[in-house]
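Notes for the structure review
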Amino acid sequence: MSKKTTAVNTTLRLVMSALFLSISIVLPMVISMGSSQLGQTFLPMHLPVMLCGIVCGTPYGIVVGLIAPLLKSVITGLPVITSAISMAFELATYGGMCGMLYKAFPKKIGFIYPNLLISMIVGRIVNGAVQYLILTASDNDFALKSFITLTTVNALPGIVIQLALIPLIVLALRKTRFMLNG
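The sections below set out a description of the structure shown in this document. This is a predicted model, so every value here is computed, not measured.

1. Some details on the overall build of the protein chain
- Along the protein chain, the regular secondary structure elements total eight helices and zero strands.
- Going from the N terminus to the C terminus, the protein chain shows its helices and strands as α-α-α-α-α-α-α-α.
- The globule rule puts the C-alpha radius of gyration for 182 residues at 16 Å, and the 16 Å found for the protein chain is close to it.
- Its C-alpha atoms give the protein chain principal-axis dimensions of about 55 × 30 × 30 Å.
- Sorting the 182 residues of the protein chain into buried and exposed places 40% on the buried side.
- For the protein chain, the proportion of contacts with a sequence separation of at least 24, taken over those separated by at least 6, is 72%.
- In the form shown here, the protein chain has an accessible surface area of approximately 9500 Å², with 74% of it arising from carbon and sulfur atoms.

2. Let's talk about unusual backbone geometry
- In this structure, the amide linkage connecting Leu78 to the following residue, Pro79, adopts the cis form with an omega of -5 degrees.
- A positive phi angle, near 50 degrees, is found at Leu43, a position not held by glycine.
- On the basis of relative accessible area, Leu43 is assigned to the buried category, the value being 9%.
- Here Arg177, not a glycine, exhibits a phi torsion of approximately 55 degrees, which is positive.
- For Arg177, the location among the structural elements is in the segment after helix H8 (156-175).

3. Looking at the nonpolar core
- With 31 residues, the main nonpolar core has Ile54, Cys56, Leu116, Ile166 and Val170 as its most contacted residues.
- Looking at this core, the elements that each hand over two or more residues are helix H1 (3-31), helix H3 (46-56), helix H4 (58-76), helix H5 (81-104), helix H6 (112-137) and H8.
- Counting residues per element, this core draws most heavily on H3, at eight residues.
- Cys56 has contacts with Arg13, Met16, Ser17, Phe20, Leu51, Leu180 and Asn181, leaving out every residue within four places of it along the chain.

4. Remarks on H8
- Compared with an ideal rise of 1.5 Å per residue, which puts 20 residues at 28 Å, H8 spans 29 Å between its outermost C-alpha atoms and is within 8% of the ideal.
- Inspection of H8 places Gly158, Ile159, Gln162, Ile166, Pro167, Val170 and Leu173 among the buried residues, and these make up the whole buried set.
- Note on H8: the residue one or two positions beyond its end, Arg177, has a positive phi of about 55 degrees.

Cut-offs used in this document
Residues numbered from 1 in each chain as written. Predicted model: local features only at pLDDT ≥ 70, side-chain atom pairs only at ≥ 80, totals over all residues. Heavy atoms only, no water. Helix = DSSP H or I, 4+ residues; strand = E, 2+ residues; numbered from the N terminus. Rg over C-alpha atoms; globule rule 2.2 N^0.38 Å. Buried < 20%, exposed > 50% of the residue type's maximum accessible area, 1.4 Å probe, protein only. Contact = heavy atoms within 4.5 Å. Areas by Shrake-Rupley, 256 points an atom, 1.4 Å probe, with all protein chains shown as cover. Core = buried A, V, L, I, M, F, W, Y, C linked by side-chain atoms within 4.5 Å. Expected span 1.5 Å × (residues − 1).

Quick look at the structure:
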């Protein structure tokens, strides 16, 4: 690859990452207009971060995942900063894992599902570990039962939406030859 092609590719990845970051800030605000509970149910910030990792690559997915919840917390006050910190690690894991697994797995659409499921499981484990550290450092109890309820049972609609929409979006982006990762 020539230096010019590499520079254009890097610039395009940065622009796309900025777009995914913007979507990760705006989409939760649109979905949560009626109730902040909708954001916890539909997980709208996860979609653009996962897509960023898949489309732009691992480092871009990690950075967008780290920045999105912290920036949204600063701009809107939600999520609260302690939640934003654990979400930042969780989303960085999603973005990084989605990018890494997309590049590693065969490019058949069926491989998007194990990519997403593995990323979701690892991301939730990271979120739990960070929440545990934050809560125990502040002398609060970490309730594993409530953590599991919040991250799986309450988030089930969001997980289903991610599993339904992301493969369709990736398929559409592949048809337009807009995939920058692998």
